[in-house]
Amino acid sequence: MTEKFITLESPIVPLPVENVDTDQIFPARFLKATARDGFAETLFRDWRYDTNNQPVESFVFNNPAYSGKILVAGKNFGSGSSREHAAWAIFDYGFRAVVSSFFADIFKNNALNNALLPVQVSPEFLAKIFSAVEKDPRTKIRIDLQKQEIMLLETGEKESFDINPYKKACLLNGYDDIDYLLTIRDEIEAYEMNRLCM
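Quick summary incoming for the structure in this document. Remember, predicted model here, so these are calculated numbers, not experimental data.

## Focus: the overall build of the protein
So, step 1. From N to C terminus, the protein includes eight helices and seven strands.
So, step 2. In terms of overall dimensions, the protein has a C-alpha envelope of 65 × 45 × 25 Å along the principal axes.
So, step 3. For the protein, with 198 residues in total, the buried portion stands at 41%.
So, step 4. Roughly 11,000 Å² of accessible area belongs to the protein as shown, and the carbon and sulfur atoms make up 50% of that amount.

Below you can see the structure in the form of structure tokens.
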């Protein structure tokens with residue numbers, strides 16, 4: 001089981017770049033690892049560090065003004081290959097939600113399977129978030145999973161978002177797929193017994 005996701009209130013880390021693919025999120029040369037921890041250092045590795053392994057000052061992750069558990073990215077986040085490691089790395093870095101105006105389907109599913117909430121908003125609402133954080137790096141967002149709402153706390157502006165009902169239930173309860181199956185174990189066993197008696 002993982003930590004339950006009910007509401008999340010946090011400053012944001014803005015990444016106003018469109019078409020960020022999974023090779024940029026998690027470079028292919030790190031795919032040799034199979035454990036699901038220790039990936040924080042590889043997240044956006046080639047954007048965070050130069051060829052001499054020195055931090056790139058202009059990259060937002062290296063700017064101490066920005067921190068938080070919510071990554072806000074440009075349109076079409078997570079495109080490219082289907083590597084699940086991209087979601088692992090984002091979660092391992094400390095993010096619990098990613099906000100964008102569009103997600104690649106495979107990345108979206110990988111995120112949901114790994115307790116990382118992808119929140120798809122309208123382009124207009126995304127622009128408001130980027131504008132707010134540009135004015136004030138301490139800008140906070142509140143995500144209410146139960147209500148399926150995201151709110152800019154400074155202005156009170158909010159928008160609804162969609163999520164698969166099954167994945168919503170898993171996140172609210174801190175379940176992965178196996179945990180969920182264990183909660184309905186009695187029903188499964190009763191079904192199997194009934195099927196055998198037919």
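Back to the write-up after that little detour.
## Quick word on the pairing of strand 3 (residues 97-100)
So, step 1. On strand 3, burial covers both faces: A97 and V99 on one face and V98 and S100 on the other are all buried.
So, step 2. With three bridges joining them, strand 2 (residues 70-73) and strand 3 adopt parallel strand pairing. Across the sheet, residue L71 finds its bridge partner in strand 3, namely V98.
So, step 3. Bridge analysis of strand 3 against strand 4 (residues 117-120) gives four bridges, and the strand direction is parallel. Each residue of the ladder has a partner; that of A97, found in strand 4, is L117.
So, step 4. Note that the unit made of strand 3, helix 4 (residues 105-113) and strand 4 has a crossover that is right-handed.

## Here we look at the sheet that holds strand 7 (residues 158-160)
So, step 1. In space, the seven strands of this open sheet follow the order 4-3-2-1-5-6-7, with mixed pairing throughout. A strand with exactly one partner marks an edge of an open sheet, and here the two such strands are strand 4 and strand 7. Mean inter-strand twist for the sheet, computed between neighbouring axes without regard to direction, equals 25°.
So, step 2. Note that strand 5 (residues 140-144) and strand 6 (residues 149-152) share four bridges and pair antiparallel.

## Considerations on the side chain of T22
So, step 1. Along the polypeptide, T22 turns up in helix 1 (residues 22-25).
So, step 2. Apart from the residues lying within four places of it in its own chain, the contact partners of T22 are G78, S79, G80, S81, R83 and A86.

Thresholds, definitions, all that
Residues numbered from 1 in each chain as written. Predicted model: local features only at pLDDT ≥ 70, side-chain atom pairs only at ≥ 80, totals over all residues. Heavy atoms only, no water. Helix = DSSP H or I, 4+ residues; strand = E, 2+ residues; numbered from the N terminus. Buried < 20%, exposed > 50% of the residue type's maximum accessible area, 1.4 Å probe, protein only. Areas by Shrake-Rupley, 256 points an atom, 1.4 Å probe, with all protein chains shown as cover. Pairing = 2+ DSSP bridges. Right-handed = clockwise from strand over helix to strand, strands pointing away. Axes fitted to C-alpha atoms, helices over the stretch in contact; angles between N-to-C directions. Contact = heavy atoms within 4.5 Å.

In short, the description is geometric, and any link to function would need to be established separately.
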